[in-house]
Amino acid sequence: MHQTGINRFQRRVLPLAVLLFVIISWYIISLFVPSNSVFPSPVDVFFGFLEEAGSGRLANDLIASLFRVTAGFFLAVFLGIPLGLWMGVQPFARAALLPTINFFRNLSPLAWIPFAILWFGIGDAPAVFLIFMAAFFPIVLATIAAVGNIPAVYFRVGSDYGMNRWEILKNITFPAIAPQVITSLRVTAGLSWLVVVAAEMIAGNDGLGFAIWDARNGLRMDLLVSGMIVIGLIGVILDRVLVQLTEIPSIRWGYER
Amino acid sequence: MSDKLIHVQNVSHSFGNTTVLENVNLTISRGEFIAIVGPSGCGKTTLLNLISGYENPSSGSISRNGKLRMVYQQDGLLPWLTVIENVGLGIRHLRDAEEKNRQLKDAIELIGLEGFEQHYPHQLSGGMRQRVELARALTGESDILLMDEPFSALDYLTRIKMRNELVRLLKERPRTVILVTHDIEEAAQLADRIIPLTTRPATILTEKRIELEKPRSLTDPIVTEAVHDLLISLSPGSLPATEKTGIKAEEN
Ligand SMILES: Nc1ncnc2c1ncn2[C@@H]1O[C@H](COP(=O)(O)OP(=O)(O)O)[C@@H](O)[C@H]1O
Ligand SMILES: [Mg+2]
């Protein structure tokens, strides 16, 4: 957790220095590549970004993508965690379902793109479906593993202090698996953000993925790069938001050992 | 009506083909402090699990009168609950909020952790955590305290401190105690009766009574003599010959 040998000032300044270096190098290289339809300069990209933001297209695409990710991801969370819990406590369910879940976990969600379009057409539905397929299986597996890792002594304490089965689920099992499950939510949210871009490039008529595909078709490489930068930044912000969950006091313990 | 809180009769216990306990008999009266000592793996935890009813014996019978509380070997505190929430587990159904708060306040005062109520277990030292475990087990109604090597994860000096702490807590809140430990010194300092278990299959050969006021000094001759005797009965070869004769000479 703790970085040693680096002070606060350096921690702030070093990343900015790297960023500045990358942009300056990018600018210098762009001076030697005359065609900005192959290699746009940072200045082109900046004006492209202003154009997209000003026309309202950027906001539209951003909202479309965020909506799809949210819908697919929450669907996966609300179905995946209960299934994982059930499989975690029921050896019978685990034996029956684990191989199937493992198979789908290892199948790239992008392999579903043809069926996504065939079944759901173009728009929100195929993207939500693909995000669900990307996030659901890892969440199930992480929940099963988290249930398996609960030290037996916690259940004994629960029954020593007179908890019934429902209370044990609510007061022991849930809080005990929370840290591990939240770690997997961070990973799968990142995965969902990767998948939505791919889904929109192929099965969308809006969204950030569609925007960069559209920019490429219109040979507007400045807009393409501006879209790429927005996608990367949003991914970082999503992770920063989910990291906040790990700071909740009753969850923090899971990351302290 | 009975003052015999625990009655273990001809109990044997096996896991598969391994017999862990063989023909164990033990009666424990109200207010007694019993220590069960023996090497690791000899069946101390198993005996405690049988007494608590967590496991049923392969043969024989066990009767218990009164409410039991268990203090675990390590990390029995729920890490997602604060100190005060952990301590309050046993009285969480208490309706009267004022009474509940009073009891919680008393418990925290008892273990001297004022100011740490809202801390989580991972923010405490090992000794503090074990004090919280004791406070939790002693809060609310109970008659019998079962302790499975409660101090074995602590360093030596903290362990000695915790023994005195336990004596003090039990003066405030008297309980019948069964302490399981591999620490002979701990047993000699704390227990009224010490029961050494032999190696597997474990049975009770002798028991040692120590009639000495508590708190007891670690270097009190009665305590050191008890340690000496227990060492010999548990592991005859463990003391160098010179020490044996040395103590004998002193006694004469
Ligand atoms: N659930 C179990 N299944 C099989 N063997 C067990 C089980 N619990 C304990 N044992 C065995 O019984 C013996 C006594 O264990 P235990 O009571 O934990 O010893 P102690 O607490 O004295 O260290 C050990 O050899 C251990 O391997
Ligand atoms: Mg043990």
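Since the structure is predicted, the reported quantities are computational estimates derived from the model, not experimental observations. (Residues numbered from 1 in each chain as written. Chains lettered and ligands numbered in written order. Predicted model: local features only at pLDDT ≥ 70, side-chain atom pairs only at ≥ 80, totals over all residues. Heavy atoms only, no water.)

Overview of the overall build of chain A
In terms of regular secondary structure, chain A is built from 11 helices and zero strands. Tracing chain A from N to C terminus, the helices and strands come up as α-α-α-α-α-α-α-α-α-α-α. Considering only C-alpha atoms, chain A reaches an extent of 75 × 55 × 30 Å along its principal axes. Taken over 257 residues, chain A has a buried fraction of 41%. Of the contacts made within chain A by residues no fewer than 6 positions apart, 69% connect residues no fewer than 24 positions apart. (Helix = DSSP H or I, 4+ residues; strand = E, 2+ residues; numbered from the N terminus. Buried < 20%, exposed > 50% of the residue type's maximum accessible area, 1.4 Å probe, protein only. Contact = heavy atoms within 4.5 Å.)

What about the sheet that holds strand β2 (residues 18-29) of chain B?
Residues and elements named next belong to chain B. Reading across the sheet, the three strands line up as β2-β1-β4 and stay open at both edges, with antiparallel pairing between neighbours. Either end of the sheet is taken by a strand with one partner, and the two such strands are β2 and β4 (59-64). Strand-to-strand twist across the sheet, computed as the mean angle between neighbouring axes with direction ignored, equals 15 degrees. The pairing of strand β1 (residues 4-15) with β4 spans five bridges and is antiparallel. Bridge pairing links I6 to R64 in β4. Each of β1, β2 and β4 is contacted by helix α1 (residues 44-52), which is oriented at about 125 degrees to β1, the strand it contacts most. (Pairing = 2+ DSSP bridges. Axes fitted to C-alpha atoms, helices over the stretch in contact; angles between N-to-C directions.)

A word on the domain arrangement of chain B
All names here are of chain B. Domain annotation for chain B reports domain 1 (1-66 + 143-156 + 166-219 + 234-252) and domain 2 (77-139). For domain 1 and domain 2, the distance between their C-alpha centroids amounts to 27 Å. At the junction of the two partners, domain 1 supplies 11 residues and domain 2 supplies 11 residues. Both faces combined, the contact of domain 1 with domain 2 buries some 990 Å², and carbon together with sulfur accounts for 71% of it. The interface formed by domain 1 and domain 2 includes zero salt bridges. For the pair domain 1 and domain 2, the interface holds four residue pairs in polar contact (both at pLDDT 80 or more). For the side of domain 1 that touches domain 2, the elements supplying multiple residues, two or more each, are β6 (144-148) and α5 (156-172). With four residues, α5 is the largest single contributor of residues to the side of domain 1 that touches domain 2. When its residues are assigned to classes, the side of domain 1 that touches domain 2 shows seven nonpolar, no polar and four charged. (Domains from an automatic or database assignment. Buried area = accessible area lost by both parts, 1.4 Å probe. Salt bridge = Lys/Arg side-chain N within 4 Å of Asp/Glu carboxyl O. Polar contact = N/O pair within 3.5 Å; in protein donor to acceptor, adjacent residues only side chain to side chain. Nonpolar A, V, L, I, M, F, W, Y, C, P; charged D, E, K, R; others polar.)

Thoughts on the environment of S217 of chain B
All names here are of chain B. Position of S217 among the secondary structure elements: in the loop between β9 (208-209) and α7 (221-234). When the C-alpha positions of S217 and L138 are compared, they lie 24 Å apart, and in sequence the two are 79 residues distant. Discounting residues that sit within four places of it in the chain, S217 has contacts with Q189 and V223. Looking at S217, its side chain comes within polar contact range of the side chain of T219, at 3.0 Å.

So, the side chain of D148 of chain B
Relative to the elements of secondary structure, D148 of chain B occurs in strand β6. Buried and without a salt bridge, D148 of chain B has R156 of chain A as its closest oppositely charged side chain, separated by 6.5 Å. Separated by 2.9 Å, the side chains of D148 of chain B and T45 of chain B make a polar contact. With near-sequence residues (within four places) excluded, D148 of chain B lies in contact with T45, L48, M70, V71, Y72, Q73 and V180 of chain B. (Lys, Arg positive; Asp, Glu negative; His and termini not counted.)

Some words on helix α1 (residues 8-32) of chain A
For α1 of chain A, which comprises 25 residues, the first-to-last C-alpha distance of 38 Å matches the rise-based estimate of 36 Å (1.5 Å per residue) to within 8%. The N-terminus of α1 of chain A is capped by N7 of chain A, whose side-chain oxygen sits 3.1 Å from the backbone nitrogen of F9 of chain A. (Expected span 1.5 Å × (residues − 1).)

What to know about the environment of V37 of chain B
All names here are of chain B. In this structure, V37 sits in strand β3 (residues 33-37). The buried category is assigned to V37, whose relative accessible area is 0%. C-alpha separation for the pair V37 and I194, spaced 157 residues apart in sequence, amounts to 7.2 Å. Non-local contacts of V37, meaning those with residues more than four positions away in its chain, are made with K44, T181, A187, I194, I195, P196, L197, L230 and L234.

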